[in-house]
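Observations on the three-dimensional arrangement
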Amino acid sequence: MKSPLTTSLRKQTPISKRRPETESNWRSIPYMTAEKSKFTYMKIVQSNWTILNIQSVLQYRIAISNMPKKLLFLFLFLVCTVSNGQIGGKFTYQFLNLVTSPRQSALGGKTVTIYDEDVNQAHFNPATINADMDNHLALNYGSYFGEVSYGTASYAYTYDRHLQTFQVGVNYVNYGKFDGYDENGQATSQFTGSEVALSIGYAYNVPFTNLFLGANAKLISSTLENYSSFGGAVDLGAIYIDEANDVNWALVVRNIGTQFTTYNGVNEKLPLEIIAGVSQELENVPIRWHLTFENLQQWNISFTNPNQAQTSLDGTTINKKTSFLGNALRHTIFGVELFPKKSINLRLGYNFRRAEELKIEEYRNFSGISVGFGLKLNKLKFNYSYSRYTLAGNTSLFGLTINFQ
(Lines give C-alpha, C1' and ligand atoms only; values in the text may rest on other atoms or scores of the structure.)
Protein backbone atom coordinates (compact mmCIF):
# COMPACT_ATOMS: atom_id res chain seq x y z
CA MET A 1 0.00 0.00 0.00
CA LYS A 2 1.36 3.44 -0.92
CA SER A 3 0.69 6.33 1.36
CA PRO A 4 -0.05 9.78 -0.02
CA LEU A 5 2.97 11.18 1.75
CA THR A 6 5.29 8.55 0.34
CA THR A 7 3.87 9.11 -3.13
CA SER A 8 4.41 12.86 -2.97
CA LEU A 9 7.97 12.38 -1.78
CA ARG A 10 8.72 9.77 -4.41
CA LYS A 11 7.59 12.12 -7.19
CA GLN A 12 10.54 14.34 -6.30
CA THR A 13 13.03 11.50 -5.99
CA PRO A 14 15.07 10.42 -9.06
CA ILE A 15 13.96 7.07 -10.43
CA SER A 16 17.48 5.71 -10.10
CA LYS A 17 17.27 6.24 -6.36
CA ARG A 18 13.91 4.61 -5.81
CA ARG A 19 13.53 1.20 -4.25
CA PRO A 20 11.07 -1.24 -5.79
CA GLU A 21 7.86 -1.80 -3.85
CA THR A 22 8.17 -5.28 -2.40
CA GLU A 23 6.61 -7.05 0.57
CA SER A 24 9.95 -7.00 2.38
CA ASN A 25 10.86 -3.33 2.04
CA TRP A 26 7.25 -2.37 2.76
CA ARG A 27 8.18 -3.04 6.36
CA SER A 28 11.14 -0.64 6.23
CA ILE A 29 11.21 2.73 7.90
CA PRO A 30 12.52 5.56 5.70
CA TYR A 31 14.28 8.47 7.26
CA MET A 32 16.22 11.34 5.79
CA THR A 33 19.92 12.04 6.26
CA ALA A 34 21.15 15.62 6.09
CA GLU A 35 24.23 14.60 4.09
CA LYS A 36 22.48 12.69 1.29
CA SER A 37 19.26 13.58 -0.47
CA LYS A 38 17.97 10.05 -0.61
CA PHE A 39 16.16 7.62 1.63
CA THR A 40 18.05 5.38 4.00
CA TYR A 41 16.02 2.40 5.19
CA MET A 42 16.03 0.92 8.65
CA LYS A 43 14.85 -2.66 8.26
CA ILE A 44 12.17 -4.09 10.51
CA VAL A 45 11.94 -7.88 10.61
CA GLN A 46 8.85 -9.48 9.14
CA SER A 47 7.25 -10.19 12.44
CA ASN A 48 4.42 -7.95 13.55
CA TRP A 49 5.51 -6.04 16.61
CA THR A 50 1.82 -5.55 17.12
CA ILE A 51 0.09 -3.42 18.94
CA LEU A 52 2.09 -0.33 19.22
CA ASN A 53 3.53 -0.55 15.71
CA ILE A 54 2.90 3.17 15.18
CA GLN A 55 1.00 3.08 11.96
CA SER A 56 2.24 6.52 10.94
CA VAL A 57 5.57 4.87 10.20
CA LEU A 58 4.75 1.35 9.09
CA GLN A 59 1.76 2.15 6.92
CA TYR A 60 2.36 5.72 5.83
CA ARG A 61 6.12 6.05 5.85
CA ILE A 62 6.22 9.47 7.34
CA ALA A 63 9.82 10.73 7.18
CA ILE A 64 11.41 11.20 10.58
CA SER A 65 14.74 12.45 11.69
CA ASN A 66 17.13 12.93 14.58
CA MET A 67 18.40 9.37 14.23
CA PRO A 68 20.60 9.25 17.33
CA LYS A 69 17.64 9.88 19.64
CA LYS A 70 14.20 9.88 18.01
CA LEU A 71 14.71 7.01 15.59
CA LEU A 72 16.45 4.86 18.17
CA PHE A 73 13.50 5.26 20.55
CA LEU A 74 11.09 4.55 17.72
CA PHE A 75 12.98 1.41 16.72
CA LEU A 76 12.98 0.10 20.28
CA PHE A 77 9.32 0.91 20.52
CA LEU A 78 8.52 -1.02 17.34
CA VAL A 79 10.46 -4.15 18.13
CA CYS A 80 9.92 -4.37 21.87
CA THR A 81 6.15 -4.18 22.20
CA VAL A 82 3.86 -7.16 22.22
CA SER A 83 4.47 -9.01 18.96
CA ASN A 84 2.26 -10.94 16.56
CA GLY A 85 4.45 -13.02 14.25
CA GLN A 86 4.00 -12.76 10.51
CA ILE A 87 0.68 -10.99 10.86
CA GLY A 88 2.51 -7.70 11.35
CA GLY A 89 2.15 -4.73 9.04
CA LYS A 90 -1.06 -6.03 7.49
CA PHE A 91 -3.71 -4.29 9.56
CA THR A 92 -4.72 -0.90 10.84
CA TYR A 93 -5.64 0.15 14.41
CA GLN A 94 -3.04 -2.23 15.85
CA PHE A 95 -3.25 -0.46 19.21
CA LEU A 96 -6.48 -2.39 19.85
CA ASN A 97 -4.35 -5.40 20.79
CA LEU A 98 -2.51 -3.67 23.61
CA VAL A 99 -2.85 -5.16 27.07
CA THR A 100 -5.37 -3.16 29.03
CA SER A 101 -4.21 -3.49 32.63
CA PRO A 102 -1.20 -4.40 34.80
CA ARG A 103 -2.93 -7.64 35.80
CA GLN A 104 -3.28 -8.67 32.16
CA SER A 105 0.31 -7.75 31.46
CA ALA A 106 1.71 -9.58 34.51
CA LEU A 107 -0.06 -12.79 33.43
CA GLY A 108 1.58 -12.65 30.00
CA GLY A 109 -1.11 -10.65 28.18
CA LYS A 110 -4.47 -11.42 26.53
CA THR A 111 -5.85 -13.48 29.43
CA VAL A 112 -9.58 -14.09 28.78
CA THR A 113 -10.51 -16.40 31.68
CA ILE A 114 -10.58 -13.99 34.64
CA TYR A 115 -14.09 -13.83 36.11
CA ASP A 116 -14.30 -11.62 39.20
CA GLU A 117 -14.70 -7.93 40.11
CA ASP A 118 -11.83 -6.81 37.84
CA VAL A 119 -13.57 -4.35 35.51
CA ASN A 120 -10.49 -4.22 33.24
CA GLN A 121 -11.19 -7.76 32.06
CA ALA A 122 -14.17 -6.61 29.98
CA HIS A 123 -11.79 -5.09 27.41
CA PHE A 124 -10.53 -8.51 26.35
CA ASN A 125 -13.57 -10.69 27.07
CA PRO A 126 -16.95 -8.95 27.32
CA ALA A 127 -18.53 -12.18 28.57
CA THR A 128 -16.81 -11.60 31.92
CA ILE A 129 -18.93 -8.51 32.68
CA ASN A 130 -20.81 -9.30 35.91
CA ALA A 131 -22.58 -7.69 38.86
CA ASP A 132 -19.45 -7.83 41.06
CA MET A 133 -17.99 -5.09 38.84
CA ASP A 134 -20.83 -2.71 39.70
CA ASN A 135 -19.66 0.86 40.36
CA HIS A 136 -15.99 -0.04 39.91
CA LEU A 137 -13.71 2.38 38.06
CA ALA A 138 -10.28 1.34 36.80
CA LEU A 139 -7.56 3.68 35.53
CA ASN A 140 -4.32 2.38 33.99
CA TYR A 141 -1.26 4.09 32.57
CA GLY A 142 2.01 3.01 31.00
CA SER A 143 4.97 4.94 29.61
CA TYR A 144 6.40 2.99 26.71
CA PHE A 145 9.58 3.53 24.74
CA GLY A 146 10.60 7.08 23.91
CA GLU A 147 7.73 9.51 24.22
CA VAL A 148 4.98 6.95 23.66
CA SER A 149 2.35 6.83 26.42
CA TYR A 150 -0.69 4.63 26.78
CA GLY A 151 -3.73 4.59 29.04
CA THR A 152 -7.04 2.82 29.56
CA ALA A 153 -10.11 3.34 31.70
CA SER A 154 -13.06 1.10 32.46
CA TYR A 155 -16.28 1.50 34.45
CA ALA A 156 -19.19 -0.87 35.10
CA TYR A 157 -22.69 -0.16 36.35
CA THR A 158 -25.51 -2.55 37.24
CA TYR A 159 -28.77 -1.02 36.05
CA ASP A 160 -31.11 -3.54 37.71
CA ARG A 161 -31.52 -7.28 38.24
CA HIS A 162 -33.17 -7.68 34.86
CA LEU A 163 -30.79 -5.74 32.58
CA GLN A 164 -27.81 -6.54 34.78
CA THR A 165 -24.45 -4.84 34.18
CA PHE A 166 -23.08 -2.56 31.45
CA GLN A 167 -19.45 -1.61 30.99
CA VAL A 168 -17.86 1.37 29.22
CA GLY A 169 -14.19 1.77 28.46
CA VAL A 170 -11.57 3.77 26.60
CA ASN A 171 -8.13 2.88 25.18
CA TYR A 172 -5.75 5.68 24.25
CA VAL A 173 -2.21 5.85 22.86
CA ASN A 174 -0.12 8.94 22.16
CA TYR A 175 2.94 8.44 19.97
CA GLY A 176 4.61 11.70 20.96
CA LYS A 177 6.19 14.34 18.72
CA PHE A 178 8.40 13.77 15.69
CA ASP A 179 10.51 16.14 13.65
CA GLY A 180 9.54 16.17 9.99
CA TYR A 181 12.13 16.40 7.21
CA ASP A 182 11.70 16.55 3.43
CA GLU A 183 13.53 14.47 0.81
CA ASN A 184 16.47 16.91 0.89
CA GLY A 185 16.94 16.60 4.62
CA GLN A 186 15.51 20.03 5.31
CA ALA A 187 13.44 20.45 8.47
CA THR A 188 9.72 20.99 7.89
CA SER A 189 7.62 20.84 11.03
CA GLN A 190 6.83 18.60 13.94
CA PHE A 191 3.97 16.14 13.77
CA THR A 192 2.22 13.85 16.23
CA GLY A 193 0.13 10.72 16.23
CA SER A 194 -2.57 9.41 18.53
CA GLU A 195 -5.38 6.84 18.53
CA VAL A 196 -8.38 6.25 20.76
CA ALA A 197 -11.17 3.67 21.05
CA LEU A 198 -14.41 4.05 23.02
CA SER A 199 -16.34 0.91 23.90
CA ILE A 200 -19.52 -0.28 25.57
CA GLY A 201 -20.07 -3.88 26.63
CA TYR A 202 -22.75 -6.18 27.94
CA ALA A 203 -22.93 -9.84 28.99
CA TYR A 204 -25.83 -12.29 29.12
CA ASN A 205 -26.16 -15.39 31.25
CA VAL A 206 -27.78 -18.23 29.33
CA PRO A 207 -30.70 -19.31 31.57
CA PHE A 208 -30.14 -22.31 33.83
CA THR A 209 -26.48 -22.64 32.78
CA ASN A 210 -23.05 -21.34 33.74
CA LEU A 211 -22.47 -20.10 30.22
CA PHE A 212 -22.05 -16.35 29.71
CA LEU A 213 -22.05 -14.56 26.35
CA GLY A 214 -20.92 -10.97 25.83
CA ALA A 215 -20.20 -8.30 23.24
CA ASN A 216 -18.30 -5.03 23.02
CA ALA A 217 -19.04 -2.30 20.46
CA LYS A 218 -16.13 0.06 19.73
CA LEU A 219 -15.74 3.37 17.93
CA ILE A 220 -12.17 4.02 16.81
CA SER A 221 -10.44 7.27 15.89
CA SER A 222 -6.88 7.56 14.58
CA THR A 223 -4.82 10.63 13.69
CA LEU A 224 -1.35 10.09 12.24
CA GLU A 225 0.45 13.24 11.04
CA ASN A 226 -2.05 14.92 8.67
CA TYR A 227 -4.02 11.74 8.03
CA SER A 228 -7.02 10.55 10.02
CA SER A 229 -9.34 7.58 10.02
CA PHE A 230 -12.53 6.56 11.79
CA GLY A 231 -13.82 3.03 12.25
CA GLY A 232 -15.88 0.63 14.30
CA ALA A 233 -15.49 -2.89 15.64
CA VAL A 234 -17.19 -5.55 17.74
CA ASP A 235 -15.77 -8.11 20.17
CA LEU A 236 -17.69 -11.33 20.85
CA GLY A 237 -16.91 -13.48 23.86
CA ALA A 238 -18.04 -16.53 25.79
CA ILE A 239 -17.02 -18.03 29.10
CA TYR A 240 -18.17 -21.22 30.80
CA ILE A 241 -17.63 -21.60 34.53
CA ASP A 242 -17.28 -25.13 35.87
CA GLU A 243 -17.97 -24.44 39.53
CA ALA A 244 -17.46 -28.04 40.63
CA ASN A 245 -13.83 -28.07 39.47
CA ASP A 246 -13.27 -24.29 39.62
CA VAL A 247 -12.31 -24.23 35.93
CA ASN A 248 -13.09 -21.41 33.48
CA TRP A 249 -13.23 -21.98 29.71
CA ALA A 250 -13.31 -18.97 27.37
CA LEU A 251 -13.37 -18.10 23.68
CA VAL A 252 -13.17 -14.60 22.20
CA VAL A 253 -13.26 -13.16 18.67
CA ARG A 254 -11.90 -9.61 18.74
CA ASN A 255 -11.90 -6.64 16.37
CA ILE A 256 -14.59 -7.64 13.91
CA GLY A 257 -15.07 -4.37 12.07
CA THR A 258 -14.17 -1.93 9.33
CA GLN A 259 -13.00 1.59 8.60
CA PHE A 260 -15.79 4.11 8.07
CA THR A 261 -13.33 6.69 6.73
CA THR A 262 -9.81 5.84 5.54
CA TYR A 263 -6.49 7.63 5.72
CA ASN A 264 -5.99 7.97 1.97
CA GLY A 265 -8.86 6.21 0.20
CA VAL A 266 -7.58 2.66 0.75
CA ASN A 267 -9.71 0.53 3.06
CA GLU A 268 -7.60 -1.59 5.40
CA LYS A 269 -8.47 -4.59 7.51
CA LEU A 270 -8.67 -4.52 11.28
CA PRO A 271 -6.50 -6.89 13.39
CA LEU A 272 -9.06 -9.70 13.78
CA GLU A 273 -7.98 -12.18 16.43
CA ILE A 274 -9.36 -15.38 17.97
CA ILE A 275 -8.29 -16.19 21.52
CA ALA A 276 -9.10 -19.26 23.64
CA GLY A 277 -8.21 -19.92 27.24
CA VAL A 278 -8.65 -22.11 30.29
CA SER A 279 -7.85 -21.42 33.93
CA GLN A 280 -8.24 -23.22 37.23
CA GLU A 281 -7.83 -22.40 40.90
CA LEU A 282 -6.12 -25.30 42.65
CA GLU A 283 -8.07 -26.93 45.44
CA ASN A 284 -5.52 -26.95 48.26
CA VAL A 285 -3.12 -24.28 47.02
CA PRO A 286 -3.97 -20.55 46.71
CA ILE A 287 -2.95 -20.43 43.04
CA ARG A 288 -4.94 -19.89 39.86
CA TRP A 289 -3.20 -20.72 36.59
CA HIS A 290 -4.19 -19.33 33.20
CA LEU A 291 -3.41 -20.96 29.85
CA THR A 292 -4.14 -18.76 26.82
CA PHE A 293 -3.90 -19.50 23.09
CA GLU A 294 -3.68 -16.36 20.95
CA ASN A 295 -3.99 -15.68 17.20
CA LEU A 296 -5.86 -18.89 16.49
CA GLN A 297 -7.16 -17.37 13.24
CA GLN A 298 -3.74 -18.11 11.71
CA TRP A 299 -1.64 -21.18 12.31
CA ASN A 300 1.79 -20.04 11.14
CA ILE A 301 2.73 -16.91 13.08
CA SER A 302 6.47 -17.54 13.16
CA PHE A 303 9.03 -15.58 11.18
CA THR A 304 12.47 -16.31 9.83
CA ASN A 305 15.12 -14.90 12.13
CA PRO A 306 18.17 -13.99 10.00
CA ASN A 307 20.43 -14.38 13.04
CA GLN A 308 19.59 -18.09 13.11
CA ALA A 309 20.34 -18.69 9.43
CA GLN A 310 23.24 -20.91 8.33
CA THR A 311 25.46 -20.46 5.29
CA SER A 312 26.54 -23.50 3.24
CA LEU A 313 29.93 -23.95 1.59
CA ASP A 314 28.64 -22.58 -1.71
CA GLY A 315 27.35 -19.43 -0.02
CA THR A 316 23.69 -20.40 0.05
CA THR A 317 21.77 -19.10 3.06
CA ILE A 318 19.64 -21.72 4.78
CA ASN A 319 16.99 -20.30 7.08
CA LYS A 320 16.06 -22.16 10.23
CA LYS A 321 12.62 -23.72 9.97
CA THR A 322 10.11 -23.51 12.78
CA SER A 323 8.89 -26.90 13.96
CA PHE A 324 5.27 -27.83 14.58
CA LEU A 325 5.85 -27.67 18.33
CA GLY A 326 7.71 -24.38 18.03
CA ASN A 327 4.87 -22.77 16.14
CA ALA A 328 2.30 -24.18 18.58
CA LEU A 329 4.21 -22.69 21.50
CA ARG A 330 4.17 -19.29 19.80
CA HIS A 331 0.40 -19.30 20.27
CA THR A 332 0.76 -20.01 23.99
CA ILE A 333 0.77 -17.72 27.01
CA PHE A 334 0.96 -19.07 30.56
CA GLY A 335 0.37 -17.19 33.79
CA VAL A 336 -0.12 -17.90 37.46
CA GLU A 337 -1.62 -15.80 40.23
CA LEU A 338 -0.76 -16.41 43.86
CA PHE A 339 -3.44 -15.57 46.46
CA PRO A 340 -5.98 -14.53 43.76
CA LYS A 341 -8.73 -13.81 46.32
CA LYS A 342 -6.61 -12.11 48.98
CA SER A 343 -5.70 -8.47 49.53
CA ILE A 344 -2.22 -9.10 48.17
CA ASN A 345 -1.79 -10.94 44.84
CA LEU A 346 1.47 -11.98 43.21
CA ARG A 347 1.53 -12.68 39.46
CA LEU A 348 3.93 -14.26 36.99
CA GLY A 349 3.52 -14.78 33.25
CA TYR A 350 5.44 -16.10 30.26
CA ASN A 351 4.72 -15.21 26.64
CA PHE A 352 6.37 -17.84 24.42
CA ARG A 353 6.14 -15.86 21.19
CA ARG A 354 7.61 -12.74 22.70
CA ALA A 355 10.42 -14.79 24.20
CA GLU A 356 11.27 -16.43 20.87
CA GLU A 357 11.00 -13.38 18.64
CA LEU A 358 12.85 -10.95 20.90
CA LYS A 359 15.65 -13.19 22.09
CA ILE A 360 19.21 -12.32 21.17
CA GLU A 361 21.53 -15.08 20.03
CA GLU A 362 24.26 -15.91 22.56
CA TYR A 363 22.67 -13.65 25.18
CA ARG A 364 20.21 -14.48 27.92
CA ASN A 365 17.85 -11.52 28.23
CA PHE A 366 14.76 -13.29 29.69
CA SER A 367 12.39 -11.89 27.07
CA GLY A 368 8.80 -13.01 27.53
CA ILE A 369 8.79 -12.91 31.33
CA SER A 370 6.42 -10.61 33.18
CA VAL A 371 5.76 -10.12 36.88
CA GLY A 372 3.41 -8.02 38.94
CA PHE A 373 1.34 -7.64 42.08
CA GLY A 374 -1.96 -6.29 43.34
CA LEU A 375 -2.53 -4.58 46.68
CA LYS A 376 -6.04 -3.91 48.01
CA LEU A 377 -6.64 -1.25 50.66
CA ASN A 378 -10.29 -0.92 51.62
CA LYS A 379 -12.02 0.33 48.46
CA LEU A 380 -8.81 0.95 46.53
CA LYS A 381 -6.69 -1.56 44.67
CA PHE A 382 -3.28 -0.77 43.22
CA ASN A 383 -1.81 -2.97 40.47
CA TYR A 384 1.65 -2.99 38.94
CA SER A 385 3.38 -5.05 36.26
CA TYR A 386 6.87 -5.26 34.77
CA SER A 387 7.33 -6.95 31.40
CA ARG A 388 10.68 -8.00 30.01
CA TYR A 389 11.19 -7.41 26.28
CA THR A 390 14.85 -6.79 25.40
CA LEU A 391 18.08 -5.70 26.99
CA ALA A 392 17.34 -2.19 25.77
CA GLY A 393 13.68 -1.79 26.63
CA ASN A 394 11.07 -2.99 29.09
CA THR A 395 7.71 -1.68 30.24
CA SER A 396 5.94 -0.97 33.49
CA LEU A 397 2.18 -0.50 33.84
CA PHE A 398 0.38 1.10 36.77
CA GLY A 399 -3.27 0.72 37.63
CA LEU A 400 -5.75 1.93 40.22
CA THR A 401 -9.22 0.46 40.75
CA ILE A 402 -11.78 2.32 42.89
CA ASN A 403 -14.89 0.71 44.35
CA PHE A 404 -17.59 3.39 44.69
CA GLN A 405 -20.14 1.06 46.32
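Here the structure is shown first, and the text comes after it.
These remarks concern the structure in this document.

Rules of the game
Residues numbered from 1 in each chain as written. Predicted model: local features only at pLDDT ≥ 70, side-chain atom pairs only at ≥ 80, totals over all residues. Heavy atoms only, no water. Core = buried A, V, L, I, M, F, W, Y, C linked by side-chain atoms within 4.5 Å. Buried < 20%, exposed > 50% of the residue type's maximum accessible area, 1.4 Å probe, protein only. Helix = DSSP H or I, 4+ residues; strand = E, 2+ residues; numbered from the N terminus. Contact = heavy atoms within 4.5 Å. Salt bridge = Lys/Arg side-chain N within 4 Å of Asp/Glu carboxyl O. Pairing = 2+ DSSP bridges. Phe/Tyr/Trp six-rings, centres within 6.5 Å; stacked < 30°, edge-to-face > 60°. Lys NZ or Arg CZ within 6 Å of the ring centre and 35° of its normal. Polar contact = N/O pair within 3.5 Å; in protein donor to acceptor, adjacent residues only side chain to side chain. Patch = residues over 30% accessible without salt bridge, like charges linked within 9 Å, V, L, I, M, F, W, Y side chains within 5 Å. Areas by Shrake-Rupley, 256 points an atom, 1.4 Å probe, with all protein chains shown as cover.

Comments concerning the nonpolar core
Judged by nonpolar contacts, the single largest core of 20 residues is most densely connected at Tyr93, Phe95, Leu96, Tyr144, Val173, Tyr175 and Ile220. Looking at this core, the elements that each hand over two or more residues are strand 5 (164–181), strand 6 (187–205), strand 7 (211–224) and strand 8 (227–242). In terms of residue count, the dominant contributor to this core is strand 5 (three residues). In contact with Leu96, not counting residues within four places along its chain, are Ala197, Lys218, Ile220, Arg254 and Asn255. Formed by nine residues, the second largest nonpolar core is a distinct cluster that contains Phe124, Ala127, Ala250 and Ile275.

As for the pattern of salt bridges
According to the stated counting rule, one finds 12 salt bridges in the structure shown. The shortest N-O distance in the salt bridge between Asp235 and Lys218 comes to 3.1 Å. On the criterion of sequence distance, the pair formed by Asp235 in strand 8 and Lys218 in strand 7 is long-range, its members being 17 residues apart. Salt bridges here are not isolated pairs; linked through shared partners, they connect Arg103, Asp116, Asp118, Glu337 and Arg347.

What to know about the pairing of strand 18 (residues 394–403)
Burial along strand 18 is one-sided: the residues Thr395, Leu397, Gly399, Thr401 and Asn403 are buried and none of Asn394, Ser396, Phe398, Leu400 and Ile402 is. In the sheet, strand 3 (residues 136–143) pairs with strand 18 via seven bridges, with the strands oriented antiparallel. Opposite Leu139, over in strand 18, you have Leu400 as the bridge partner. Pairing of strand 17 (residues 380–388) with strand 18 involves nine bridges; the strand directions are antiparallel. When the bridges of strand 18 are listed, Leu380 appears paired with Ile402.

Re the packing of aromatic side chains
For the structure shown, the criterion picks out nine aromatic pairs. Pairing Phe178 with Phe191 gives two aromatic rings, centres 5.6 Å apart and planes at 25 degrees, and the pair type is stacked. Within this pair, whereas Phe178 is found in strand 5, its partner Phe191 is found in strand 6, the two being separated by 13 residues in sequence. The two residues Phe178 and Phe191 agree in class, both being buried. Its end group placed over the ring of Phe124, Arg254 keeps NZ or CZ at 4.1 Å from the ring centre.

Some remarks on the pairing of strand 11 (residues 287–293)
Residues of strand 11 alternate between two faces, with Arg288, His290 and Thr292 buried on one and Ile287, Trp289, Leu291 and Phe293 left unburied on the opposite face. Strand direction decides the pairing type here: strand 10 (residues 273–281) and strand 11, joined by six bridges, are antiparallel. Each bridged residue has a counterpart across the sheet, and for Gly277 the counterpart in strand 11 is Thr292.

Thoughts on the side chain of Ser370
Tracing the backbone shows Ser370 in strand 16 (residues 369–377). A relative accessible area of 0% means that Ser370 is categorised as buried. Separated by 3.0 Å, the side chain of Ser370 and the backbone oxygen of Ser105 make a polar contact. Looking at Ser370, its side chain comes within polar contact range of the main-chain oxygen of Ala106, at 3.1 Å.

Some thoughts on the environment of Asn365
The residue Asn365 is located in the loop between helix 6 (352–357) and strand 16 in this model. Classification of Asn365 as buried rests on a relative accessible area of 3%. Taking C-alpha positions, Asn365 is 9.7 Å from Ala392, a pair spaced 27 residues apart along the chain. Not counting chain neighbours up to four residues away, the residues in contact with Asn365 comprise Leu358, Lys359, Ile360, Arg388, Tyr389, Thr390 and Leu391.

Quick word on a nonpolar patch on the surface
Side chains of Phe339, Ile344, Leu346, Phe373, Leu375, Leu377, Leu380, Phe382, Phe398 and Leu400 sit close together on the surface and give an oily, nonpolar patch of about 820 Å² of accessible area. Elements supplying a minimum of two residues to the nonpolar patch: strand 15 (344–351), strand 16, strand 17 and strand 18. Examining the composition of the nonpolar patch, we find that three residues originate from one element, strand 16, more than from any other. By secondary structure assignment, the location of Leu346 is in strand 15.

Let's talk about the environment of Thr209
Of note, Thr209 is situated in the loop between strand 6 and strand 7. Residue class for Thr209 comes out partly exposed when judged on its relative accessible area of 33%. Between the C-alpha atoms of Thr209 and Ile241, which are 32 residues apart in sequence, the distance is 9.1 Å. A distance of 2.8 Å separates the side chain of Thr209 from the backbone oxygen of Val206, its partner in a polar contact.

Re the side chain of Gln121
If you trace the backbone, Gln121 turns up in the loop between helix 4 (102–106) and strand 3. Not counting residues up to four positions away in its chain, the partners in contact with Gln121 are Gln104, Thr111, Val112, Thr113, Ile114 and Thr128.

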